[in-house]
Structure formats: C-alpha cells, structure tokens
Protein chains: 2
Amino acid sequence: MRKTKLNELKSYIESISKMNSALELIYWDMQTKMPKKAIEQRSGIIEHISGEIFRMTTSDRMGELLDYFVHNIEGLSEKDKAIIKHARKEYDETKKIPEERYREFVIAQALSEGAWEEAKEKKDFEIFKPHLKRMIDFQREFVEYWGYKDNKYDTLLDKYEEGLTVKKLDKIFDELKNGIIKILNKIEKSGKQVNRDFLLGRFDKNSQEKFALFILNKMGYDLKAGRLDESMHPFTISFGNKDVRITTNYDNEDFTSALFSSIHEGGHGIFDQDVPDDLQRTGLDTSLSMSIHESQSRFYENILGRSKEFWEYFFPFAKYEFSEFKDISLEEFYEAINYVEPSLIRTEADELTYSIHIIIRYEIEKALINGDLDIDDVKEVWNRKYKDYLGVEPKNDSEGILQDIHWSDGSFGYFPSYALGNIYGAQMLHTMKKEYQGIYDDIRNGELGGIHMWLYENVHKYGAMYSPSEIIKNISNEDLSCKYFLDYLEKKYLSIYK
Amino acid sequence: MRKTKLNELKSYIESISKMNSALELIYWDMQTKMPKKAIEQRSGIIEHISGEIFRMTTSDRMGELLDYFVHNIEGLSEKDKAIIKHARKEYDETKKIPEERYREFVIAQALSEGAWEEAKEKKDFEIFKPHLKRMIDFQREFVEYWGYKDNKYDTLLDKYEEGLTVKKLDKIFDELKNGIIKILNKIEKSGKQVNRDFLLGRFDKNSQEKFALFILNKMGYDLKAGRLDESMHPFTISFGNKDVRITTNYDNEDFTSALFSSIHEGGHGIFDQDVPDDLQRTGLDTSLSMSIHESQSRFYENILGRSKEFWEYFFPFAKYEFSEFKDISLEEFYEAINYVEPSLIRTEADELTYSIHIIIRYEIEKALINGDLDIDDVKEVWNRKYKDYLGVEPKNDSEGILQDIHWSDGSFGYFPSYALGNIYGAQMLHTMKKEYQGIYDDIRNGELGGIHMWLYENVHKYGAMYSPSEIIKNISNEDLSCKYFLDYLEKKYLSIYK
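Residues numbered from 1 in each chain as written. Chains lettered and ligands numbered in written order. Predicted model: local features only at pLDDT ≥ 70, side-chain atom pairs only at ≥ 80, totals over all residues. Heavy atoms only, no water.

Taking an unreviewed UniProt entry as the reference, chain A is identified by name as Metal-dependent carboxypeptidase belonging to Clostridium sardiniense. Taken verbatim from the UniProt record of chain A, the Catalytic activity (unreviewed entry) comment is "Release of a C-terminal amino acid with broad specificity, except for -Pro." We quote the UniProt Function (unreviewed entry) comment for chain A here in full: "Broad specificity carboxypetidase that releases amino acids sequentially from the C-terminus, including neutral, aromatic, polar and basic residues." (UniProt positions renumbered as here; feature names shortened; annotations may be inferred.)

Draft legend 1. Local environment of the packing of helix α1 (residues 2–32) of chain A against helix α3 (residues 60–68) of chain A. All names here are of chain A. Running from N to C, α1 and α3 point in directions that differ by 135°, and their axes come no closer than 10 Å. Of the possible angle classes, the one that applies to α1 and α3 is oblique. α1 and α3 meet at a crossing whose hand is left-handed. Contacts between α1 and α3 involve Arg 2, Lys 5, Glu 8, Leu 9, Tyr 12, Ile 13 and Ile 16 on the former and, on the latter, Arg 61, Met 62, Leu 65, Leu 66 and Tyr 68. (Axes fitted to C-alpha atoms, helices over the stretch in contact; angles between N-to-C directions. Helix = DSSP H or I, 4+ residues; strand = E, 2+ residues; numbered from the N terminus. Parallel < 35°, antiparallel > 145°, perpendicular 65-115°, else oblique. Left-handed = near helix turned anticlockwise from the far one by under 90°. Contact = heavy atoms within 4.5 Å.)

Draft legend 2. A look at the pattern of salt bridges. All names here are of chain A. Following the criterion strictly, the structure yields 102 salt bridges over all chains and no others. Across the pair Lys 89 and Asp 158 runs a salt bridge whose closest N-O atoms are separated by 4.0 Å. Remark: Asp 158 occurs in helix α7 (residues 152–160) and Lys 89 occurs in helix α4 (residues 78–95); sequence separation between them is 69 residues. Given a relative accessible area of 28%, Asp 158 falls into the partly exposed group. (Salt bridge = Lys/Arg side-chain N within 4 Å of Asp/Glu carboxyl O. Buried < 20%, exposed > 50% of the residue type's maximum accessible area, 1.4 Å probe, protein only.)

Draft legend 3. Quick peek at the interface of chain A and chain B. Across the contact, 35 residues belong to chain A and 35 residues belong to chain B. Counting across the chain A and chain B interface gives six salt bridges. The closest approach of N and O atoms between Asp 243 of chain B and Arg 42 of chain A, which form a salt bridge, is 2.9 Å. Taken together, chain A and chain B are joined by 16 residue pairs in polar contact (both at pLDDT 80 or more). Elements with a contribution of two residues or more to the side of chain A that touches chain B: α1 and α2 (39–57) of chain A. The element contributing the most residues to the side of chain A that touches chain B is α1 of chain A, with nine residues. (Polar contact = N/O pair within 3.5 Å; in protein donor to acceptor, adjacent residues only side chain to side chain.)

Draft legend 4. Structural detail: the relation of the copies chain A and chain B. With an axial shift of 0.0 Å and an RMSD of 0.1 Å, the rotation relating chain A to chain B amounts to 180°. With respect to symmetry, the two chain copies, as superposed, fit the operation of a two-fold axis. An overlap of 100% is found between the interface residues of chain A and their copies at the interface of chain B, pointing to a shared contact surface. (Least-squares fit on C-alpha atoms with pLDDT ≥ 70 in both.)

Draft legend 5. View of the sheet that holds strand β1 (residues 228–230) of chain A. Residues and elements named next belong to chain A. With mixed pairing, three strands are arranged side by side in an open sheet as β1-β3-β2. Of all strands in the sheet, those bounded by a partner on one side alone are β1 and β2 (236–238). Averaged over neighbouring strand pairs, the angle between their axes works out to 30° when direction is ignored. (Pairing = 2+ DSSP bridges.)

Draft legend 6. Up close: the environment of Ser 262 of chain B. All names here are of chain B. Counting through the fold element by element, Ser 262 comes out in helix α10 (residues 255–274). Residue Ser 262 is classed as buried on the basis of its relative accessible area, which comes to 1%. Sequence-distant contacts of Ser 262, defined by excluding residues within four places in its chain, comprise Ala 212, Leu 216, Leu 228, Ile 246 and Thr 248. A polar contact of 3.4 Å, which involves the side chain of Ser 262, links it to the side chain of Thr 248.

Structure, rendered in structure tokens:
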C-alpha cells in the first residue's frame, strides 16, 4: 500500500519533471535559436505547457498523495523523505494561496513586467512605482497565507534559502558590509592605479568562443552533455544531467565579458551535470537553494577564475589567441581583471563591491515587506544607500532603482542568494585548502580535476538532498560565517592595492 | 449549445497542436543541437509528451465532441467542417484499433526499427524479415478494423492521399513507368556523355551554406520565420507558420547534395510559412496530403531548381563563390546537374528515374498487403524489378531492399506520395505557364516572387482545407494526369541527351 503510493508519487513527480524539461528546452530555444517572428506563437506554447505543469503540481491527486505521507513517512529512506518534502514545499507554496488571488497575481505580474520595461526604457521610476507597490502588497498578503513567526521577510527568505532568517542574515550582512567598506577605504588610500585599457579593444568573437571552450573543457564542463551558445543574457539551463547548456554574450570590445560569464555559467553547469543519475527527475536534481548553486558559479568565476595561479596556466594561451596581450605581463593581466571600482550597476560590479549591491537590495526589501518603508521613499533610500556605502549616485532611475528585473515579477527574498554564494564559496575554499594538498600547484598546471572532484564529493553529488546550512556544516564543521570571505577579500585585494 | 461545443472542440484541438509543436521542437533539437550523451533522457521526454498527445487525441471527451458533430454539422462554415473532418479522421485512425493491439503494435514497431538498423548495418535481410512480416500482418489486421471496399491497400493509400485507390494509381503509375522507361531507352541510344566531375571536389561548408541561404532568400523562404541548420538527414519541421525550420547536410565533396536538399526543404518550408494565420492550430495548418507538400518541394528542387533559366541567374553567383566553376559554361553546369543514370539508391536518384524507385515499392507493398506476395519472395522480387525497370542489380541487401526506413515502422502506403508529388508539380506548371506570362523572363532575372505568389494563391493558402484531387481540379480543371510530367521529362531530357 505505502509502496504503491510512493511509486505513484514518484512517477507523478517524474512526469512533471519531464514536462519541465520540455518547457526549459522551449525556453532555451527561444533565447538562442528562435526566429524573430515566432515570439507570439512561442508564448502560446509556453503558456500551455506551463499551465499543464501548474495543473499537475497542484492537482487533487498530488494533494492526496502528499497528505498520505504526512503520517506515513517514518521508515522511508532519506532520499524518499527528501523527495516528499520537496514536493510538499512546492505544493504548499501555491495551494495555500486562494486560487482567485493567485490568478490575479499572475496577471498583475505580467502587467508589472511590462511597466518595468517601459519605465527602464524611459528612465522613469514613476511608471513602475504603482506596480512595484502591487507586487509588494501581494507578497505581504501571501506571507500571511504561508505564515511567519518573527519577521514577515523570513518567509520569503526561506523560499530560496531554507531556514534563513532576518536575524541571522542581518548579522552576516552587517559584518560583510563593514568589512568590505573597510577594505574599500584602504584601497582608496593606497593610491594605486590599475590599468585595464588592454582588456578593451577588438576581440574576435570566434576566438573568444574558442578560448572559453578551452577553459570550460579544462574546468570539467562536459561538452558531450552540454553546449555553449549565445544569448542576450547569459544563463544555465538543465534538461537532465546529460544535457546542461550554458550561454554567454560576446562583446567585441570587452575581453572579460563573455570570458567570465562563460566561466560563471560553467560553474553552474558542472553542478547540474554532476548530480547523480538516481536523483534525476525526482525534484532533487539541482541544489536546494540558489545560494549553493551560486557558490559554485562564483567559485569558478572569481575564486578560481580571477586567481593568479589560474592565469599562470591560462594566460599564455590567451596571449597565443589574442595578439593584443603580447606585451602584457601576467601581473598586469591579473591586476586588470581584479580592478576595483565602486559603481552603479550590480551586474557589472567587481568581486569586492558586488556584495554591497546585494546588501542594499536586501535592506530595502526587508523594510518594504515589513511595512517599514513607504513606496514613495524607496527611490530616495536607494540613492542614499549607494552614496553612503559606495560613494556613487545614479544619474537616472535606469542606472539606479530600475536596473534589475527581479522586483518586477515580485521575486523578493531572492537577491541575498547572490551574496551568500560568495560567502559559501570562500568558506568551502577554506576547508578545501586544508584537505587538498597541492591545490595551487595543480591550478598552476591547469589541472582543475581535483577541485572539481572535491566540489562533487562535498556539494554536487547531494543535489537537493540537504539544506545549505547542512551542506556547509558538513563541509566546515561550523555554521555559515563571512569571516572566510572577508579574509579572502582582504588578502587578495590589499596585495593588489598595496 | 452547438457554438459552445464547437469552441470546446477547437480549443481542444489547439491544445493538442501546441503540444505537438513542443514535441516537434524537442525533436528538431535532438536532430540538430542535442549533446550526444542526452539521447536516453531525451527519449524519456519525447515518450512522455507523445503519450500525452495520444491521450488527448483519443480521449473520451474528444470522442463525445466528434460524435456530437456527426449529426450537427449542417450550416457550419466550410472551415469548421474541415477542422471537424480532420480531427475525426485522426481519431478514428487510432480508436478503431483495439487498445491492446495498438500497444502491441507500438512495441513491435520499436523492435522492428532496431532490427532494420542492425540488418542494414550487416547487409542481411534475414535479420529484418520476421519483423517486416509482423509489420505487414499488423497493417493487414488494421485494415480490417478501418474497413475497405475493393482493395485492402486502398485504405492505406487513403491515409496519406484521400480518395486515392489502387485502381486509379495502377493506371497512373503504369503510364508513368512506361513513359520513363521509353525516355530512358532514348537517352541510352543517344550515346551522349555528360561530364559531372566538376561537381565533385572540395567545397567549403561555409560557402555552401552562404550560397544556399542566398537562394532560399530569393525563393521567398522567410529566414525571420525560419532557420537553416545541419542534420544527418535533411527535413522540414514547423512549430507554426512563424517558425518553420529546414535542415540540410553538407557534403564537402559533392556540390549538389546540400544545395538541392536545401532548395527541396525550402519548398516545404515556404508552404508551411504561407498557410494563413486563421488556419494555425486547427489541424489544417499544413497540406492534407504528403503528395501536395512534396509537389512543392520537388517543384522548387527540380522543375525550378534544375532548370536552365534558374541557373542563368544563379550560376554567376555560384562561380563567384566557388572558384571550381571558373572554366565551366552554363550549358555544362546545367547538363551536369541533370545527369541521368539508373541507380540503386532512391534518395540519390536523378529526376528522371526517381519515380521508378517509387513504383517498385508501390508494386511490392500492394502485393504484400493483399497477400499476393510471400515474405520469402519479396527480396527476389525487389531485385528482379530493379533489373527489369532500371537494369541495375544490388550487390547486397543494404543497397537493395533494406535501403529505406519506411517499412521498418509499418508505414505502408506512404511511398507513392513522392512520385505523385512530381506529377502534381508538373501539372501545376502547365497551368502556371498559361496564367503567368513572362514566367521564364522572371526566373532568368532571379525574380521568383511571381511563382511563389502563384503557389500561394493556388495551393499554400488553403492549408489542409482541400483534398489533393480538389486542389488539382481547381487549378487545372481536370483530374491528376501524368501526361504533363511525362511531357516535361521528355522535352527536358531529350534536349540534353540529343
């Protein structure tokens, strides 16, 4: 009886997963290959399949099966428990909201996204403001349905990062903010000027692609189970561990743009390719939280990909492919790709100041969701925080509060994952260095398989079996702490900006 | 009441069509972009979605709706009637077969396809023979469920070509066969040698692609609503009229291979791009029969694409792109691309002898389905017919009876469409020339818009609204006749082989 129900549930989850992969593939094609005129017909297909997935995920039968396992969970394997828990979370997230209100939210989302696009184009926050307010109101209402203890924002954080609370995050982010600002001040005082002019010029697209593929291959991203394509914004997408695709965007005039986004997405891609076969189509075939996924992409992009040891091996190949670097030394190149400059746009920020952009969004989201900040004041608060923390001021709303798409569809609670990824990554590095003798010699020789293996053993192979806090505890025997990330940043950047 | 039911039926058909487009896209990706290791996971997705489509197409609700319209069809628009008729045909085709037997057939199909692949690889018909027998037995059994009047094979013909019967087709194909063999004999007697060595050499793939795209664009294939990609076997696939993709296969050593397959698929592509918006997602968004679709691809590939007028315009561009042709005259080129040689492989046959390959298959299929030919004799009959009609003999089974995939999944009745496409195309040309003054001047100037417009007005814009016989009657005021095709062949080939 229980066995039958379990099999039914798992096969139902498998069907949903297959439909999801179909949807992902249709989306990938839309972003990379679709002819221009197809957009409307494509939306029709996407809408239909999304509707089918929604119907399956929230069906009565799904509810019955999940309810059965509320009282019949004991004695199941750890994996089966995780499968059920994960399906339950997805089910509740939608089903606790009255259907009528959810439908209204979806319509409001669409209008809001449209308004955001227009507002960004016209650099006018006023166009987007009423929609942002509606998105916040919806989220506040949803939090009531979902329930919360201390802080309304906790519920939203928990969606993306199980168990995370404002109380914990305030502490971490305050420490991180102060630490980064301290380093930033020292950098400014150092007076050191780093030249990065040679990274800007004319870089052949085919050469950029060839070089990125060379690095991806060395990293361990499997091109027989993946592809690198071009899209407007880089992303990683998985249709199962044997088909995990990444994209990048080539900028003829900027050497670093496609390079580091390829390495970043490669880090995501390796993760999803590594999740074992027996977790495929169970709902556990990627990390449970965005932050752990992001820890992998940022580990590859920054900790590894912007390290001097990495370029000791790869810079000669860069010189071989791009004659622009023929008179540039490794040292000059290394400093240039780690150039620090407080700036306005999150996605273009350097490794050091990036997290400050996230913290600003976190502080604002938290206040908005808890009703501590009025919608009419939000733009002013945004601009002031940028001035206070980074010393820069947006000239218009598009390079300020309108820059990110996330708020337009009501994704609150998501931003912190980006900064958490940095912190997780550095904490992993700390343990990795202790356990992995000769890590830097291997990197210098372009041997990146040891790092890949370590991440596989400690992170990737678990898929979504464990929460981020379980994963980091298992690795480092302590809770998440930003001291490792701050140590790493201080050591790295104060040696460049002496 | 009727209006509500009609809307429900149409919206149901629309949903099925969207799922079909999703499936087609997933298939396209598999053939063109999918990384190697993904094949098994991809099959899982395809199986699930095919299953869903099957479930929808044969659901009780679909049956109820269709049954309702058996007695409530009067007074509906011509279009609505066609939609219902088409859905009914699809429904009956499956539902008339007992579910259990259909399931067994699907399993047998899979085994048979596998056996065919192995047999072809090992050049041994014996491996495939028992599976071919099962496929024939299944089709004979299915014909009993579907019903038939005079001839069992009629029912299979009707699946692909509404209203076509053995009685009609015997007459047409006999005339065609005799006519072609007569021309072939004259060619042999002419003693004329055509040189085609310069078509074989080293042709850069990028140049081939560039040249194919140039021609496709001139033909009117819309690259903003389509793409040209590479796949093992060329095909055309539509996800709606705004996204119709074609593929080709580049052979470095043969100039004509990718060129003519691109033009061929372009002809299919133009058709599907042309079907009007109001027929999209109704089941009527492509031609009703394979033969009419094939008439378009063959019209572009052969009648237009292998005409001297066409190359009067395009040959200078071929010379510009491929230095191999610098000393070749238009006349030499024209003769080379129309080189006639009776051969063993259907897909590589020239325009003149191609139809003979089809007629051989037709004669064998007809006899097998009617029980007039024993499975143990089929190989011998195949080889004898090739000897009798074309004067060639297979050295092994792979270049003989095992060459085509069609029989391995039980697709009997399909082959004739290919030859019918040639006949329809020539009959259309006959009327087109009468109605379109200056057609050859336009072709000589690379102005192919007039031909496109004529085909749109007479064929494409109707989608699947009319049967092939209605379409050709509407165009030419007479029934299908192979005299136009034979006249065309005789005039063309006897002027080359004087």
